Amino acid sequence: WNHLLDNHPHDSLCGCSIDQVHQDMIFRFDQAEDLANRIAERALRALAVAAAPRGLPEKSFVVAVANATAAPLDEVIELEIPLPDDWPTQYQEYFGYERKFGFTLRTADGRDIPWQYVSGHRAMQRPPHRPRIMGQGTFIANVIRIAARVQVPAQGLTTLSVEPSRPFDRHLGSLVTAHQTVTNDHVIVAVNPNGSL
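Residues numbered from 1 in each chain as written. Predicted model: local features only at pLDDT ≥ 70, side-chain atom pairs only at ≥ 80, totals over all residues. Heavy atoms only, no water.

Caption draft 1: The arrangement of the overall build of the protein chain in detail. Counting secondary structure elements, the protein chain contains three helices and 10 strands. The helix and strand sequence of the protein chain, counted from the amino end, reads α-α-α-β-β-β-β-β-β-β-β-β-β. Looking at the protein chain alone, contacts between residues at least 24 apart form 67% of all its contacts between residues at least 6 apart. Accessible area of the protein chain: about 13,400 Å², with a carbon and sulfur share of 56%. (Helix = DSSP H or I, 4+ residues; strand = E, 2+ residues; numbered from the N terminus. Contact = heavy atoms within 4.5 Å. Areas by Shrake-Rupley, 256 points an atom, 1.4 Å probe, with all protein chains shown as cover.)

Now the structure itself:
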């Protein structure tokens with residue numbers, strides 16, 4: 001709040017001061033945004049830990065999805081799932097070199113959620129209880145981007161458990177995300193994978 005309020009004097013806020021004042025304002029806005037994001041991340045992490053289901057299978061973990069809007073969320077969204085290299089259910093398909101990771105996505109009440117693979121990459125990750133220092137407790141993760149239909153109450157949070165699964169589940173079909181369709185009262189336009197409408 002101090003960084004934000006320092007940008008609100010009359011001559012700063014209305015843009016009628018010298019250039020250096022506005023350069024300083026950019027720095028303060030950046031600091032305010034960075035601090036706010038860290039506070040929000042810590043708060044959401046604490047909520048997710050409190051809401052996480054107990055008694056999950058070994059190697060399982062929880063992903064929290066928050067909805068800051070005033071309307072309930074019930075749609076296909078994209079999630080990033082970080083899986084460690086020692087994930088117990090990995091597969092290799094005969095026609096490719098990319099490792100596949102088997103996991104089940106479940107709601108807090110135990111219902112399976114079908115998901116569709118979007119993309120994957122490797123990245124440095126850190127456990128949630130570790131400080132933000134590279135190399136201290138960091139590990140290489142296989143970040144799997146998926147599309148899944150999720151329900152989250154208005155201004156609420158839901159938890160999804162990621163559990164190792166055998167056999168490898170492949171959810172074929174379409175979980176088209178909202179940014180590929182346009183809808184009004186009269187018509188729905190959808191973009192197909194081949195680019196046609």
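Caption draft 2: Broad picture of helix H3 (residues 19-51). A rise of 1.5 Å per residue sets the reference length of H3, with its 33 residues, at 48 Å; its end C-alpha atoms lie 48 Å apart and thus fit the reference within 8%. Among all positions of H3, only Met 25, Arg 28, Ala 32 and Ala 48 are buried. Looking at the buried residues of H3, the elements they touch are helix H1 (2-5), helix H2 (10-13), strand E1 (61-67) and strand E8 (156-164). (Expected span 1.5 Å × (residues − 1). Buried < 20%, exposed > 50% of the residue type's maximum accessible area, 1.4 Å probe, protein only.)

Caption draft 3: Region of the structure containing the pattern of salt bridges. Applying the stated criterion across every chain yields a total of nine salt bridges. A single salt-bridge network, built from bridges that share partners, covers Glu 78, Glu 80 and Arg 145. (Salt bridge = Lys/Arg side-chain N within 4 Å of Asp/Glu carboxyl O.)

Caption draft 4: Summary view of the nonpolar core. Formed by 20 residues in total, the largest nonpolar core has its most connected members in Leu 79, Ile 81, Phe 103 and Leu 105. Listing elements by their share of this core, those giving two or more residues are E1, strand E2 (73-84), strand E5 (103-107), strand E7 (139-152) and E8. (Core = buried A, V, L, I, M, F, W, Y, C linked by side-chain atoms within 4.5 Å.)

Caption draft 5: Quick look at the state of the cysteines. Using the criterion set out here, one finds zero disulfides in the structure. The cysteine Cys 14 is free of any disulfide, with Cys 16 supplying the nearest cysteine sulfur at 3.3 Å. Given the relative accessible area of 46%, Cys 14 is considered partly exposed. By relative accessible area, Cys 16 is classed as partly exposed at 47%. (Disulfide = S-S within 2.5 Å.)

Caption draft 6: Here's a closer look at the sheet that holds E8. With antiparallel pairing, three strands are arranged side by side in an open sheet as E1-E8-E5. Whereas interior strands pair on both sides, the edge strands pair on one side only; in this sheet they are E1 and E5. Here the average twist between neighbouring strands, direction ignored, is 25 degrees. Relative to E8, E1 runs antiparallel, the two sharing seven bridges. Bridge pairing in E8 places Ala 64 opposite Thr 159. The strands touched by H3 are E1 and E8; relative to E8, the strand with the most contacts, the crossing angle is about 65 degrees. (Pairing = 2+ DSSP bridges. Axes fitted to C-alpha atoms, helices over the stretch in contact; angles between N-to-C directions.)

Caption draft 7: View of the packing of aromatic side chains. Counted according to the given criterion, the structure contains two aromatic pairs. Arranged with centres 6.0 Å apart and planes meeting at 75 degrees, the rings of Phe 61 and Trp 87 form a pair that is edge-to-face. In this pair, Phe 61 sits in strand E1 while Trp 87 sits in the loop between E2 and strand E3 (90-92), placing the two residues 26 residues apart along the sequence. What makes Phe 61 partly exposed here is its relative accessible area of 21%. With a centroid separation of 4.4 Å and 5 degrees between ring planes, the pair formed by Phe 103 and Trp 115 is classed as stacked. On the criterion of sequence distance, the pair formed by Phe 103 in strand E5 and Trp 115 in strand E6 (residues 115-125) is long-range, its members being 12 residues apart. For the pair Phe 103 and Trp 115, one class covers both residues: buried. (Phe/Tyr/Trp six-rings, centres within 6.5 Å; stacked < 30°, edge-to-face > 60°.)

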